[in-house]
Structures are given as structure tokens and as C-alpha cells.
Amino acid sequence: MPIRHTARRPAQSGAFTRRAVLLTLTAALAGAGLGAAHADQRVIRIVVPYGTGAVQDTIARAISDELGQALNASIVVENRAGAGGTVGTAQVARATPDGNTLVLAAASHHIAGYLYKNLNYDPYKDFTGVAYIGNTGYIILASAGLKAKNTAEFIQAVKAKPGAYDYASAGNGSASHLGMASFLTGAGAQMQHIPMKSTGDAVTELLAGRVQAITAATIGVTAYRNDPRVVFLAYTGAKRSRFAPDLPTVAESGLPGYSFDSWLGLLAPAGIAPAERDKINAAVNKVLADPKVQTRLASLGVEAEAKSPAQFQELLQADWDAAGKLVAASGARVE
């Protein structure tokens, strides 16, 4: 019996071993096939020239999954922060214009062209508008300690003590800096500018009462609407925001013609093939029509809207011209 048992055991072991090897090879080949299929999938990088949590970063991640599905591609959001957004933007300007490297840009994109003396790329000529995503406005807030209940009272208080009060921004030359600077110029009022590293830092200064005002993107301050430490004065857009319909615009509050907001969209390096640009544009517009995406963007204070490449490029031309006037009026400059 021990001999018969011993004779059968190697046969079973060998059969088992052969089956195991075959199964292992099959699995390996299947895995290799899947890996090859995944490797063949297109990868599109959306560069966000700011850190994690910035407005552009939040928006890029809000649409990345659906955009990947629409393009049958893997969307990778990369944060390349530095020098007011110019580091990451410069990388995209130098990238191959094949549609696989995009930058999620906003109004600050064009502002940089007039703000930085030695910028190593041209924000307008070195990029092509691929897909417009939407618009976000700004809100002017005052410290409750200033005792101003509206824009007129705020301007009156500031004018009574020229240069005695401070306002904070997300940094020298940032949209929040230039938005407030243009507002004060239009109002004929003077305040000292206190540049911070981020919108969050500027809000903290306001809440602590160390500055008397800020201008910040809607997404960055809506959570403080009922905070007794601040007063929401006005919305900077040309028309009232659907996210704060009871808040008057600056133009309605005594500065006719004043308007300041920010577009949001995807830009590619100049030279992208029209067919590739149109393909990405159609995919983004499809994503923007998704109710889930619309709700997601609305929660971020973005008024989403689909535009054709031609319409987006027309907007970029107008914004490029407006940015020059805005920077000139503010007197801001970064060496």
C-alpha cells in the first residue's frame, strides 16, 4: 500500500503542477493584455498652475471623470504651482500641441502677461482656447467692525480716512488684488494693500479684524454669508449672481459700468490641430450638459456655459485687452 500510494502521489502532484503553470500563464497573458489595453488608452494632463484646493484645481477635478469618459481617455490633474501660476502655465506653453496637455486657466492667466516683467511665454499668443467651462464672480466683503452696512457706506467710511484702512488679497497681482484695486479707483477711495499667500489667508485676516475688506471669488467666501464678523457688500459681475441673487452688483451700488469676474476654461499650446481642438471642445460641452456636473459646478459658484472654440477665442481676445487696462489702472507690477 505504501508503494501504490507513493506511485499515485507524484502523478497527482505533476498534474496539479502542470495545471497550475497553465493557469498562471493564462492569467499572466490575460493580465498583460489588460495592461497593454490600459497602456494604449490616451492620457490627457490637465495642468492646474496652483496648489491643491485652489479654484482651478477644484473645478478640474469636478469634471475630470466625466471628461475622461467622453474622450475615452485617462484624465490626470496635475498641480504645478509657483510664481502666481506662471510656472505650470509655462510648462504647458512649451508642451507638444497634440491635445494631451492642457491648462485650466482663469482671468489671472492674461493678467500675468501684463503683471510680470520677464515672463517667458506669451499668455495670449502661445495658447489656443479649447473649451470654455464657465464664469465665476467675486464678492466684496467688509469687516463688521467698520460699521458699513452697504457699498455706499463702505466707500464713505474709507474716503473719510484715506489710506487708514487695509484690504487683503490672495497675493500681489492676483485677481482679488486687481479686482479691489479697480473698485477703489472707480470709487475714488484709498486703502493699503496687504498681499497674502492665498484667498484662505486673506479671509482669515478679515475674520480676525486685522484688515477691513477683501474681494474674493464666490466659491471662497459663500460659507461666511451669515458670519457676524463680516458684511457682504456687493457682487462684482455685470449682473447679479444666481448664487446670491439678493446681493446687489457693484454697478447697482453706485459705480455704474463696473464689472469684474473670471472666465474658466481649458487652453492648449498654440498650434493644436483644429480637429483635435474641436474634439475636446465637443467633449467638454457634452460634460457641461450633464445635470450632475452642472450641480457640482454650481456648488462651486461656477455658472457653467458651453461655447464653441470661436466664441471662446473671441472672449479670450476681449479679456486680453481688458487685463491690460486693469493692470495699468492698478499700478501693480512683479519683477
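Throughout what follows, the structure given in this document is the object of discussion. All values reported here derive from a predicted model rather than from experimental measurement.

Below, the discussion takes up the overall build of the protein. Check the secondary structure of the protein and you find eleven helices and ten strands. Put simply, the protein has 335 residues, and 46% of those count as buried. When contacts within the protein are restricted to residue pairs at least 6 apart in sequence, those whose partners lie at least 24 apart make up 78%. For the protein, the accessible surface area stands at approximately 15,900 Å², while carbon and sulfur atoms represent 55% of it.

This brings us to helix H2 (residues 55–71). Across its 17 residues, H2 extends 24 Å between first and last C-alpha, which sits within 8% of the 24 Å expected from 1.5 Å per residue. Among the residues making up H2, those that are buried are Gln56, Asp57, Ile59, Ala60, Ala62, Ile63, Ser64, Glu66, Leu67, Gly68 and Leu71. Once H2 ends, the next one or two residues include Asn72, with phi positive near 50°.

This part covers the pairing of strand E1 (residues 42–48). Taken across its seven residues, E1 has five buried, putting it largely inside the fold. Taking the sense of rotation as the criterion, the β-α-β connection linking E1, H2 and strand E2 (residues 73–79) turns out right-handed. One ladder, built from three bridges, connects E1 with strand E3 (residues 101–106); its direction is parallel. The partner of Arg45 across the bridge, within E3, is Thr101.

Across the eight residues of helix H3 (residues 86–93), six count as buried, placing the element largely inside the fold. Buried positions along H3 lie against E1, E3, helix H4 (107–115), strand E4 (127–143) and strand E9 (261–269).

Membership of the largest hydrophobic core comes to 36 residues, with the highest contact counts inside it found for Phe154, Phe183 and Met191. Take this core: its biggest share by element is seven residues, from helix H6 (residues 175–187). Discounting residues that sit within four places of it in the chain, Phe183 has contacts with Ile140, Thr151, Phe154, Ile155, Val250, Leu255 and Tyr258. Among the nonpolar cores identified, the runner-up in size contains 31 residues, and Ala60, Ile133, Leu264 and Ile272 belong to it.

In this section: the pairing of strand E6 (residues 192–195). Note: strand E5 (residues 166–169) against E6, four bridges, orientation parallel. Across the sheet, residue Asp166 finds its bridge partner in E6, namely Gln192. Running through H6, the crossover from E5 to the neighbouring parallel element E6 is right-handed.

In this structure, Thr128 sits in strand E4. According to the relative accessible area criterion, Thr128 is buried, its value standing at 17%. The residues contacting Thr128, other than those within four sequence positions of it, are Leu266, Leu267, Ala268, Pro269, Ala270, Gly271, Ile272, Arg277 and Gln313.

Position of Thr101 among the secondary structure elements: in strand E3. In contact with Thr101, other than residues within four places in its own chain, are Arg45, Val47, Val92, Ala95, Leu267, Ala268 and Pro269.

Before going further, it helps to examine the pattern of salt bridges. This model, assessed by the stated rule, comprises 13 salt bridges. Between Asp57 and Arg61 there is a salt bridge, with its nearest N and O atoms 2.8 Å apart. With Asp57 and Arg61 both in helix H2 and four residues apart, this pair spans about one turn of that helix. The buried category is assigned to Asp57, whose relative accessible area is 3%. Given a relative accessible area of 40%, Arg61 falls into the partly exposed group. Note that Glu305 and Lys307 form a salt bridge whose closest N and O atoms lie 3.5 Å from each other. Shared partners join several salt bridges into a network, and the residues in it are Arg45, Glu78 and Arg80.

With that settled, consider the packing of aromatic side chains. Taken as a whole and assessed by the stated rule, the structure comprises eight aromatic pairs. Among the aromatic side chains, those forming a connected cluster through ring pairs are Tyr114, Tyr124 and Trp320. One Lys or Arg, Lys307, reaches over the ring of Tyr132 and ends 5.1 Å from the middle of that ring.

For any two helices packed against each other, the geometry is given by the interaxial angle and the distance between the axes. At a closest axis distance of 8 Å, the pairing of H4 and helix H11 (residues 309–330) adopts a crossing angle of 50°. As summarised for this structure, H4 and H11 are arranged oblique, according to the angle between their axes. Seen from above, H4 lies across H11 with right-handed handedness. For the pair H4 and H11, the contacting residues are Ala107, His110, Ile111, Gly113, Tyr114 and Leu115 in the first and Leu316, Asp319, Trp320, Asp321, Ala323, Gly324, Leu326 and Val327 in the second. Class assignment for the residues of the contact of H4 with H11 results in nine nonpolar, three polar and two charged.

About the criteria used
Residues numbered from 1 in each chain as written. Predicted model: local features only at pLDDT ≥ 70, side-chain atom pairs only at ≥ 80, totals over all residues. Heavy atoms only, no water. Helix = DSSP H or I, 4+ residues; strand = E, 2+ residues; numbered from the N terminus. Buried < 20%, exposed > 50% of the residue type's maximum accessible area, 1.4 Å probe, protein only. Contact = heavy atoms within 4.5 Å. Areas by Shrake-Rupley, 256 points an atom, 1.4 Å probe, with all protein chains shown as cover. Expected span 1.5 Å × (residues − 1). Right-handed = clockwise from strand over helix to strand, strands pointing away. Pairing = 2+ DSSP bridges. Core = buried A, V, L, I, M, F, W, Y, C linked by side-chain atoms within 4.5 Å. Salt bridge = Lys/Arg side-chain N within 4 Å of Asp/Glu carboxyl O. Phe/Tyr/Trp six-rings, centres within 6.5 Å; stacked < 30°, edge-to-face > 60°. Lys NZ or Arg CZ within 6 Å of the ring centre and 35° of its normal. Axes fitted to C-alpha atoms, helices over the stretch in contact; angles between N-to-C directions. Parallel < 35°, antiparallel > 145°, perpendicular 65-115°, else oblique. Left-handed = near helix turned anticlockwise from the far one by under 90°. Nonpolar A, V, L, I, M, F, W, Y, C, P; charged D, E, K, R; others polar.

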